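# Examination of the molecular architecture
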Amino acid sequence: MQTLDQTVVKHHGKRALERCQSLAGISEMDGAILRQYLTPEHKRCNQLVAIWMEEAGMDTWQDEVGNQWGCLASDNPGAKRLVIGSHLDTVPNAGAFDGILGVLLAIELADIAHQQGINLPFHLDIVGFCDEEGTRFATTLIGSKALAGNFDPGWLDLTDVNGVSMSEALTAFGLSPEDVGNARLPKDDVFGYLEVHIEQGPVLEAADQALGVVSAIAGAKRAVIEFIGQSDHAGTTPMDMRKDTTVAAAELTIAIEQIAKQCQHNEVATVGYINAKPGVANVISGYSAVSLDARAQSDDDLELLLYKISRTAKAIASERQLELSWQWTHEAETVACDTKFQQQLLAACHANGEDSPVLTSGAGHDAMAIAPICPVGMLFIRSPGGISHHPAESVIPEDVEKALAVMYSAISSID
Ligand SMILES: [Zn+2]
């Protein structure tokens, strides 16, 4: 397995971080980072990234949905394509590295291969996805879903806060709404997708590790669990004659925490809010909604977790003589990372002196949207403090250099 010279690693790692700061300057917000889909800032970002790709010896283009591409072509015209990428859009008041760093490290890899005159046995395609966060139109992973042929034409009618539809925004950006489906990648051309991303959580920091290899992107289900009881006078209704839904909601919230803690495979379950009605201090609440977000590294684990929660909710409702109903609001299946990519990334970590752990991603990523068309692999970089989607989001420069070195070794081992 090939490894990079340390001076090369330092130079390119440093430049990737400087470029993260350059892109942070292309923002819709004064003094903070925001870059949404199909905005002038999206366009300026793509143009600057294209310049960097061209300097790295790549052919560049923007596809029909607004993703920015670069290709370092193999001498073998019949070669298949390895795609490396992440997203270039951000949430409001974002950090400078979420998504962006993965694209910029890929460009550094292409530049190194170009400068070394390496003829890769595959075309190296780099993609900067146009929308992963779903900030503008409240639907996520637009760029990567379009590649997998899963762009939903119904999205064209979604509107932003100013009432501008996606269709209108595409036209204003210079793209054709009727052509978005053509962003689909021919499945037979692509043999794999790799993504480097900051962890956005505290696991690697707690393990004192710079890097981690992702085994799976956790499946998630969200629901609103409703208890329906009876609103009554808080002064006149005796304690044993109440149908109080707030207490049931509290009991369920504590039970959900206990159930998830007792699971064995890093399952997580969160109650983000309890909404009690009528929400008045001197009225017993007759209705309470409890939000649930549950995630696990396999669909079986997730189903078992949800079964335990639902059994407990039923018992609480029955004990308190309340009606119970569930509204499912979101579902994403677990996506397993390719075992061969995991092995190659782990071997590359070892070749570079890293004893990197294997971990599950609790957050969603573009890789999960690409997985229907090709094997995917992901490398995580430690997030200091676990902080992301916040201006205090950061990376340790040495970790970034290690990620670059590991990706170079991993790619050199792909034949
Ligand atoms: Zn991201």
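All values reported here derive from a predicted model rather than from experimental measurement. (Residues numbered from 1 in each chain as written. Predicted model: local features only at pLDDT ≥ 70, side-chain atom pairs only at ≥ 80, totals over all residues. Heavy atoms only, no water.)

### Digging into the layout of surface pockets
A volume near 1100 Å³ is recorded for the largest pocket. Along the wall of the largest pocket there are 42 residues; nearest its centre are Ala 218, Arg 295, Gly 362, Ala 363 and Gly 364. Looking at the lining of the largest pocket, the elements that each hand over two or more residues are strand 7 (219-228), strand 9 (268-270), strand 12 (287-296), strand 13 (323-332), strand 15 (358-361) and helix 10 (366-370). If you tally residues by element for the lining of the largest pocket, the top one is strand 15, at four residues. Here the lining of the largest pocket is built from residues that sort into 15 nonpolar, 17 polar and 10 charged. Both domains that meet at the lining of the largest pocket, namely domain 1 (6-217 + 334-412) and domain 2 (219-332), each give it at least three residues. In this structure, the second largest pocket spans a volume of roughly 190 Å³. Met 239, Asp 240, Met 241, Arg 242, Lys 243, Asp 244, Val 247, Glu 319, Arg 320 and Gln 321 are the residues that line the second largest pocket. Its residues assigned to classes, the lining of the second largest pocket comprises three nonpolar, one polar and six charged. (1 Å grid on protein atoms, 1.4 Å probe; cavity = no way out; pocket = protein on both sides within 12 Å on 5 of 7 lines; lining within 4 Å. Points joined across faces, edges and corners; volume = space filled by probe spheres on them. Helix = DSSP H or I, 4+ residues; strand = E, 2+ residues; numbered from the N terminus. Nonpolar A, V, L, I, M, F, W, Y, C, P; charged D, E, K, R; others polar. Domains from an automatic or database assignment.)

### Focus: the coordination of the zinc ion
Bound to the zinc ion on the protein side are His 87 (NE2), Asp 98 (OD) and His 197 (NE2), at distances that span 2.0 to 2.2 Å. Donor residues for the zinc ion, ordered by position in the chain, follow H-x10-D-x98-H. With a gap of 110 residues between them, His 87 in strand 3 (residues 81-87) and His 197 in strand 5 (residues 190-198) connect regions that are remote in the sequence. The same class applies to His 87 and to His 197, which are both buried. (Donors = N, O, S within 2.8 Å, 3.2 Å for Na, K, Ca; no water. Buried < 20%, exposed > 50% of the residue type's maximum accessible area, 1.4 Å probe, protein only.)

### Some details on unusual backbone geometry
A cis amide bond links Lys 277 to the next residue, Pro 278, at an omega of 10 degrees. Relative to the helices and strands, Pro 278 resides in the loop between strand 10 (274-277) and strand 11 (283-284). The backbone of Ala 138 shows a phi angle near 60 degrees, a positive value even though the residue is not glycine. Residue placement: Ala 138 occurs in the loop between strand 4 (123-129) and helix 4 (142-147).

### So, the pattern of salt bridges
The final tally for this structure, using the stated rule, is 18 salt bridges. Between Glu 55 and Arg 19 there is a salt bridge, with its nearest N and O atoms 3.5 Å apart. Here the residue Glu 55 occupies a position in helix 2 (residues 40-55), and Arg 19 occupies one in helix 1 (residues 6-24), the gap between them amounting to 36 residues. Judged by relative accessible area, which is 8%, Arg 19 ranks as buried. Across the salt bridge formed by Arg 19 and Glu 108, the nearest N and O atoms sit 3.5 Å from each other. (Salt bridge = Lys/Arg side-chain N within 4 Å of Asp/Glu carboxyl O.)

### A closer look at the domain arrangement of the chain
As far as domains go, the chain holds domain 1 (6-217 + 334-412) and domain 2 (219-332). Averaged C-alpha coordinates put domain 1 and domain 2 at centres separated by 37 Å. Taken residue by residue, the interface counts seven residues in domain 1 and seven residues in domain 2. Roughly 470 Å² of surface becomes buried between domain 1 and domain 2 when both sides are summed, with 38% attributable to carbon and sulfur atoms. Looking at the side of domain 1 facing domain 2, the largest losses of area belong to Thr 334, Thr 360 and Gly 362, adding up to 80% of the total buried there. Where domain 1 packs against domain 2, one counts zero salt bridges. Taken together, domain 1 and domain 2 are joined by five residue pairs in polar contact (both at pLDDT 80 or more). Partitioning the side of domain 1 that touches domain 2 into residue classes produces four nonpolar, three polar and no charged. (Contact = heavy atoms within 4.5 Å. Buried area = accessible area lost by both parts, 1.4 Å probe. Polar contact = N/O pair within 3.5 Å; in protein donor to acceptor, adjacent residues only side chain to side chain.)

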